[in-house]
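Breakdown of the fold
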Amino acid sequence: CFAYYKGMCLLRMNSSEDAIPFLEKVKKATDIDENYIKDNAEWHLSLAYLKNNDKKEAIDELNKILQTPDHQFQNQAKSLLDSLKKEYILFDLRF
């Protein structure tokens, strides 16, 4: 899937803002049968949001990962959310 690889390359090149639309496209795609690619795109989308300083979107994506049965990044999402909760508890963000 072109969008997946393009998004991942942009993210690795520290162009998170440019990577987001490609990773979102993969997330919404209905023609991708491999959970591996979608799971990776969703996880890296949350990281791209964080790199872009869009914590609300990152938290939303991480929560969606936690709610998806058998998502391969559930443990990482939980760990990252726990860290974010500790870091932002003073700002009263809703998780």
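These remarks concern the structure in this document. (Residues numbered from 1 in each chain as written. Predicted model: local features only at pLDDT ≥ 70, side-chain atom pairs only at ≥ 80, totals over all residues. Heavy atoms only, no water.)

If you walk through the whole model with that rule in mind, you get four salt bridges. A salt bridge links Lys27 to Glu61; the nearest nitrogen and oxygen atoms lie 2.6 Å apart. Within this pair, whereas Lys27 is found in helix α2 (residues 16–28), its partner Glu61 is found in helix α4 (residues 55–67), the two being separated by 34 residues in sequence. Across the salt bridge formed by Glu61 and Lys64, the nearest N and O atoms sit 3.6 Å from each other. Of this pair, Glu61 and Lys64 are both found in helix α4, three residues apart, which corresponds to roughly one turn of the helix. For Lys64, a relative accessible area of 42% puts it in the partly exposed group. What you see here is one network of salt bridges that share partners, running through Lys27, Glu61 and Lys64. (Salt bridge = Lys/Arg side-chain N within 4 Å of Asp/Glu carboxyl O. Helix = DSSP H or I, 4+ residues; strand = E, 2+ residues; numbered from the N terminus. Buried < 20%, exposed > 50% of the residue type's maximum accessible area, 1.4 Å probe, protein only.)

For Asn14, which is not a glycine, the phi torsion comes out positive at approximately 65°. With respect to the element layout, Asn14 can be found in the loop between α1 (2–12) and α2. At Asp70, a position not held by glycine, the phi torsion is positive, near 65°. Secondary-structure assignment places Asp70 in the loop between α4 and α5 (74–88).

Below, the discussion takes up helix α3 (residues 35–51). Taking 1.5 Å of rise per residue, 17 residues should cover 24 Å, and α3 covers 24 Å from first to last C-alpha, within 8% of that figure. Of all 17 residues in α3, 12 are buried, a share of seventy percent or more. (Expected span 1.5 Å × (residues − 1).)

Right, let's get into the nonpolar core. In this structure, Tyr4, Leu23 and Val26 are the most contacted members of the largest nonpolar core, which totals 17 residues. Breaking this core down by element, the ones donating at least two residues are α1, α2 and α3. Once residues within four sequence positions are removed from consideration, Leu23 is found in contact with Tyr4, Gly7, Met8, Leu11, Ala41, His44, Leu45 and Ala48. Counting residues in hydrophobic clusters, the runner-up holds nine residues, among them Ile59, Leu62, Phe73 and Leu81. (Core = buried A, V, L, I, M, F, W, Y, C linked by side-chain atoms within 4.5 Å. Contact = heavy atoms within 4.5 Å.)

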